[in-house]
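Secondary and tertiary structure notes
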Amino acid sequence: PILLGCSSAQQPGSCPALCECSEAAKTVKCVNRNLTAIPPDLPPYVRNLFITGNLLARLPAGAFSARSLPDLIALNLSGNHLRAVEAGALAALPALRQLDLSGNPLVSLSPQAFGEGGSPLEELALRGALRDHGVLLSVAAMLQSGTLRNLSHLELADNGLLLLPSGMFSTLLALRQLGLDGSSLVGLRNVSIQGLGQLESLNLSDSSLGALRNGNLSQFRSLPALRHVGPDHNTWFCNCTIEELVAWLKESDQVEGKEALTCAYPDKMLGKTLLKINGSDLNCSEPIDLPSQLQTSYVFLGIVLALIGAIFLLVLYLNRKGIKKWMHNIRDACRDHMEGYHYRYEINADPRLTNLSSNSDV
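Residues numbered from 1 in each chain as written. Predicted model: local features only at pLDDT ≥ 70, side-chain atom pairs only at ≥ 80, totals over all residues. Heavy atoms only, no water.

Here we look at the overall build of the chain
The helix and strand inventory of the chain stands at 8 helices and 15 strands. Here the chain, with 362 residues, has 36% of them falling under the buried criterion. Long-range contacts, defined here as pairs at least 24 residues apart, represent 64% of the contacts in the chain between residues at least 6 apart. Carbon together with sulfur atoms contributes 57% to the accessible area of the chain, which is approximately 20,600 Å² in total. (Helix = DSSP H or I, 4+ residues; strand = E, 2+ residues; numbered from the N terminus. Buried < 20%, exposed > 50% of the residue type's maximum accessible area, 1.4 Å probe, protein only. Contact = heavy atoms within 4.5 Å. Areas by Shrake-Rupley, 256 points an atom, 1.4 Å probe, with all protein chains shown as cover.)

Observations concerning the UniProt feature "domain: LRRNT" (unreviewed entry) in the chain
According to UniProt, the feature "domain: LRRNT" (unreviewed entry) maps to residues 14-48 in the numbering used here. Measuring from the first to the last C-alpha atom of residues 14-48 gives 15 Å, for a span that is 0% helix and 26% strand. (UniProt positions renumbered as here; feature names shortened; annotations may be inferred.)

Structural notes on a nonpolar patch on the surface
Side chains of Tyr 298, Phe 300, Leu 301, Val 304, Leu 305 and Ile 308 sit close together on the surface and give an oily, nonpolar patch of about 650 Å² of accessible area. Along the polypeptide, Val 304 turns up in helix H6 (residues 290-318). (Patch = residues over 30% accessible without salt bridge, like charges linked within 9 Å, V, L, I, M, F, W, Y side chains within 5 Å. Salt bridge = Lys/Arg side-chain N within 4 Å of Asp/Glu carboxyl O.)

A look at the state of the cysteines
For the structure shown, the criterion picks out 3 disulfides. Across a sulfur-sulfur distance of 2.0 Å, Cys 15 and Cys 21 are joined as a disulfide pair. Its S-S torsion of about 80 degrees marks the bond between Cys 15 and Cys 21 as right-handed, since a negative value means left-handed. Overall, Cys 15 belongs to the partly exposed group, its relative accessible area being 29%. Paired by a disulfide, Cys 238 and Cys 263 hold their sulfur atoms 1.9 Å apart. One disulfide, between Cys 238 and Cys 263, carries an S-S torsion of -95 degrees and so falls in the left-handed class. Of the two residues, Cys 238 sits in the loop between strand S14 (236-237) and helix H4 (243-251) while Cys 263 sits in strand S15 (residues 263-265), which places them 25 residues apart along the sequence. For the residue pair Cys 238 and Cys 263, the accessibility class agrees, reading buried in each case. (Disulfide = S-S within 2.5 Å.)

Digging into helix H2 (residues 133-145)
The end-to-end C-alpha separation of H2 is 19 Å, in line with the 18 Å expected for 13 residues at 1.5 Å each. Listed as buried for H2 are Val 135, Leu 136, Ser 138, Val 139, Ala 140, Met 142 and Leu 143. Among the structural elements, strand S8 (108-109) and strand S10 (153-155) are those in contact with the buried residues of H2. A distance of 2.9 Å separates the backbone nitrogen of Gly 134 from a side-chain oxygen at the start of H2, and that oxygen is part of Asp 132. (Expected span 1.5 Å × (residues − 1). Polar contact = N/O pair within 3.5 Å; in protein donor to acceptor, adjacent residues only side chain to side chain.)

Here we look at the nonpolar core
Core analysis: the biggest nonpolar cluster contains 81 residues, and Leu 59, Phe 64, Phe 169 and Phe 220 have the highest contact counts within it. At the level of elements, strand S2 (27-31), strand S3 (48-52), H2, helix H3 (214-221) and H4 are the ones that each hand at least two residues to this core. The dominant element in this core, judged by the number of residues it contributes, is H2, at 6 residues. In contact with Phe 64, not counting residues within four places along its chain, are Ile 38, Leu 42, Leu 49, Leu 59, Leu 69, Leu 75, Ala 89, Leu 90, Ala 92 and Leu 93. (Core = buried A, V, L, I, M, F, W, Y, C linked by side-chain atoms within 4.5 Å.)

Some points on unusual backbone geometry
Each neighbour pair has its own omega, and for Tyr 265 with Pro 266 the value is -10 degrees, a cis peptide bond. Turning to its location among the elements, Pro 266 is positioned in the loop between S15 and helix H5 (279-282). Positive phi outside glycine occurs at Asn 32, with the angle close to 55 degrees. Summarising the element assignment, Asn 32 is placed in the loop between S2 and S3. Located in the positive-phi region is Asp 158, a residue other than glycine, with phi close to 60 degrees. You can see Asp 158 is positioned in the loop between S10 and strand S11 (177-179). By relative accessible area, Asp 158 is classed as partly exposed at 30%.

Considerations on the sheet that holds strand S13 (residues 228-230)
For sheets, the rule is that strands pair by backbone hydrogen bonds, running either parallel or antiparallel. Read across the sheet, 10 strands follow the order S1-S2-S3-S5-S7-S9-S10-S11-S12-S13 without closing on themselves; strand pairing throughout is mixed. The outermost strands of the open sheet, each flanked by one partner alone, are strand S1 (20-22) and S13. Within the sheet, the average angular offset between the axes of one strand and its neighbour, ignoring direction, is 5 degrees. Of the pairings in the sheet, the one linking S3 to strand S5 (residues 74-76) comprises 3 bridges and is parallel in character. What sits directly across from Asn 48, in S5, is Ala 74. (Pairing = 2+ DSSP bridges. Axes fitted to C-alpha atoms, helices over the stretch in contact; angles between N-to-C directions.)

A short note on the sheet that holds strand S6 (residues 84-85)
The strand order S4-S6-S8 describes an open sheet built from 3 strands, whose pairing is parallel. What marks the edges here is a single partner per strand, and that holds for strand S4 (58-59) and S8. With 2 bridges connecting them, S4 and S6 associate as parallel partners. Considered in S6, the bridge of Leu 59 is made with Val 85.

Some points on the confidence of the model for the chain
Here the chain averages 84 in pLDDT, while 88% of its residues score no lower than 70. Note that pLDDT drops below 50 for residues 1-10; the model gives that stretch 5 contacts with residues more than four away or on any other chain. (pLDDT = per-residue confidence, 0-100.)

Description of the pattern of salt bridges
For the structure on display, the rule yields 8 salt bridges. For the salt bridge of Glu 86 with Arg 58, the shortest nitrogen-to-oxygen distance reads 2.8 Å. In this pair, Glu 86 is assigned in the loop between S6 and strand S7 (98-100) and Arg 58 in strand S4, connecting sequence segments 28 residues apart. Residue classification places Arg 58 among the partly exposed residues on the basis of a relative accessible area of 43%. Linked through salt bridges whose partners overlap, the residues forming this network are Arg 127, Glu 155, Asp 158 and Asp 181.

Written out as structure tokens, the structure is:
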């Protein structure tokens, strides 16, 4: 009976050890089982596969090729301590639409992880998995190559991102949702969403944004499908740089909960609602008097130069005897040199002395 049980465990449609399977729901769950590799005997009926909270350090090439999984649509590999996803690791999953690699300390994610051709993947979650700058560049290269051109949902939250590679999203023309929340972005200089005509949601909450420039705001305006921009829980710096953002908030219906956006700096504006800010609060309507600023600068420069001159004169005065002696020494040295030149000139100019010099052995 024991042999029969072991044998039956390997039959098609059976469930791997340490996993829970539901053929009716087409689901397999291998959760918190300390697995170090993908189970090789996954049932072919699986459509939703959860391998989470295990000890997978790497996902090698052909990790899912031990058994054909033609119907696998959703794969969750979150929280597995994964550090490397190698080329071809996900190439044997022709129906894969959803992939979650969140919570893994990735160091390497090969741009060829899905194989040489394109992938049908539509949803990719990398929450908290891109804290290594090298793997961020690999993901950017993968996205720019067009391998994941079918992506509609991209989650990059909680990665502490300071700066995104330029043109990272340029080929994701089917993208509808983009999550950049929980990052450290202080600006969106390289974040170009121009041309993403299908984009519906852009989450920028809980970042380090202090302002949104007019270039970014014009991108938001140019996307007809964009209905949700989440800039809440940011440290808005309410000086003249925020005037454009305030104007956009007042005219736009793309920001849900914009009434709750408040100033974080300076102290006099702390807690003030952005929608209630007007020009008098920021003092941006008053022209900057450049001539008066330049005049003040010139006066300050003059004072500094006068102080330096006074110090120089004081030094000269205190060392007047030494300077006088030094000048006398210079004068005497110059006079001696000039007398020597004059004496030589007289000798060279007198033909008698010249002939005597040429006939003498001395």
